[in-house]
Amino acid sequence: MAKAAPREEAIDRRAVRLETADARLFAEWLEPAEATEEPVLVLLHEGLGSTAFWKDVPELLAARHGLRVFLYDRRGYGRSDPELLPRPLDYLDRMALVELPAVLEAAGIRRPILLGHSDGGTIALLFAAAFPERVEAVVAIAAHVFVEEVTVAGIRAAVAAFEAGELRRRLERFHGARTEAVFRAWSETWLNPRFRAWNVTDRLPRIRCPLLVLQGQADEYATTAQVEAIARGVRGPVRTVLLPGAAHVPHHQARAATLEAIDSFLAELATSSGEEQR
């Protein structure tokens, strides 16, 4: 299990290619020298993201907690195979209930700690609800469980920034020639009038593992109603943290406070796991 307190360790980082039934996916392992096999901290990127979007967060978490860390580009993102388009409106279910189980099986991960950001946070919640016996814990950063007016407004602003060129140039560093497809699949899905009814709060009661919910106080895609709905809906122990000075990407915009909250959660998880094993 993870160490009870943050520390620094040498990290071995290696890239791998995973073969699932319908795609080849790019993934990375980060392994501290003294890490145990399980649990593995699995990072799930945002809806416009990739493994590279995390920057040095994976190394920091691996080193501070002595955990093996695994992250991958979902199909259509980064260095993984292209996505089949148009994207279906149930894409989050497909990523959580089809792709993620296949990835964990291919990687040999039995019982992960899932840490997801934005779409990745929602995917983590959906997986934990569908497979409660397979999850050690969840950290959900800026996750959505329903669509709000502010969500739609934020995505419209992102479309304007993309068409103006600034956001397009930033995303091209991560997605290259598929940048247009990545952005349009995300924005057009969330702006589709039929997607406005998307709501997964009815699944939250199936989540019984320890859960940390983080959100920036100035998140441009969500109000605190998302955090409140998640905390109210789950049946396991839950901790919520609203991060001042952060918008939708708190692990970069309020780095110290975000890492402190994750450190505390993982350390407590390690301590409780150690007590159960005695």
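Described below are features of the structure shown in this document.

Conventions used here
- Residues numbered from 1 in each chain as written.
- Predicted model: local features only at pLDDT ≥ 70, side-chain atom pairs only at ≥ 80, totals over all residues.
- Heavy atoms only, no water.
- Phe/Tyr/Trp six-rings, centres within 6.5 Å; stacked < 30°, edge-to-face > 60°.
- Buried < 20%, exposed > 50% of the residue type's maximum accessible area, 1.4 Å probe, protein only.
- Lys NZ or Arg CZ within 6 Å of the ring centre and 35° of its normal.
- 1 Å grid on protein atoms, 1.4 Å probe; cavity = no way out; pocket = protein on both sides within 12 Å on 5 of 7 lines; lining within 4 Å.
- Points joined across faces, edges and corners; volume = space filled by probe spheres on them.
- Helix = DSSP H or I, 4+ residues; strand = E, 2+ residues; numbered from the N terminus.
- Nonpolar A, V, L, I, M, F, W, Y, C, P; charged D, E, K, R; others polar.
- Pairing = 2+ DSSP bridges.
- Axes fitted to C-alpha atoms, helices over the stretch in contact; angles between N-to-C directions.
- Contact = heavy atoms within 4.5 Å.

### What to know about the packing of aromatic side chains
When we look at a pair of aromatic rings, we describe it by the centre distance and by the angle of the planes.
Here comes step 1: A full pass over the atoms with the stated rule returns ten aromatic pairs.
Here comes step 2: Their ring planes at 10° and their centres at 5.5 Å tell us that Phe-195 and Trp-198 sit as a pair that is stacked. For the pair Phe-195 and Trp-198, one class covers both residues: buried.
Here comes step 3: An aromatic cluster is present here, built from Phe-162, Phe-183, Trp-186 and Tyr-221 joined pairwise through their rings.
Here comes step 4: Between the NZ or CZ atom of Arg-74 and the centre of the ring of Tyr-77, over which it lies, the distance is 5.3 Å.
Here comes step 5: Its end group placed over the ring of Phe-26, Arg-79 keeps NZ or CZ at 3.8 Å from the ring centre.

### Re the layout of surface pockets
Empty space among the atoms becomes apparent when a probe as large as a water molecule is rolled across them.
Here comes step 1: There is about 640 Å³ of room inside the largest pocket.
Here comes step 2: Those elements that provide at least two residues to the lining of the largest pocket are helix H4 (149-164), helix H5 (166-175), helix H6 (179-191) and helix H8 (250-253).
Here comes step 3: Here the lining of the largest pocket takes six residues from H4, the largest share from any one element.
Here comes step 4: A class-by-class count of the residues in the lining of the largest pocket yields 14 nonpolar, eleven polar and six charged.
Here comes step 5: Its boundaries defined by the atoms lining it, the second largest pocket holds a volume of some 410 Å³.

### Topic: the pairing of strand S2 (residues 24-32)
The two faces of a sheet get side chains in turn, since along a regular strand they alternate between them.
Here comes step 1: S2 sits mainly inside the fold: eight of its nine residues count as buried.
Here comes step 2: In this structure, strand S1 (residues 11-19) lies alongside S2, joined through nine bridges in antiparallel fashion. Bridging across to S2, Arg-17 finds its partner in Phe-26.
Here comes step 3: Linking S1 to S2, which pair antiparallel, is a turn of four residues.

### Concerning the environment of Phe-183
Here comes step 1: With respect to the element layout, Phe-183 can be found in helix H6.
Here comes step 2: Counting along the chain gives 15 residues from Phe-183 to Arg-168, while the straight-line C-alpha distance between them is 8.4 Å.

### Some details on the sheet that holds strand S5 (residues 113-117)
Here comes step 1: What the eight strands build is an open sheet, ordered S1-S2-S4-S3-S5-S6-S7-S8; its pairing is mixed. Pairing within the sheet leaves two strands with one partner each, and these edge strands are S1 and strand S8 (238-243). Mean inter-strand twist for the sheet, computed between neighbouring axes without regard to direction, equals 15°.
Here comes step 2: Two elements, strand S3 (residues 40-44) and S5, share four bridges in a ladder whose sense is parallel. Across the sheet, residue Val-42 finds its bridge partner in S5, namely Leu-114.
Here comes step 3: Those strands touched by helix H2 (residues 91-107) are S1, S2, S3, strand S4 (68-72) and S5, and its axis lies near 130° from that of S4.
Here comes step 4: Helix H3 (residues 119-130) contacts S3, S5, strand S6 (137-141) and strand S7 (211-216) of the sheet and is inclined by roughly 145° relative to S5.

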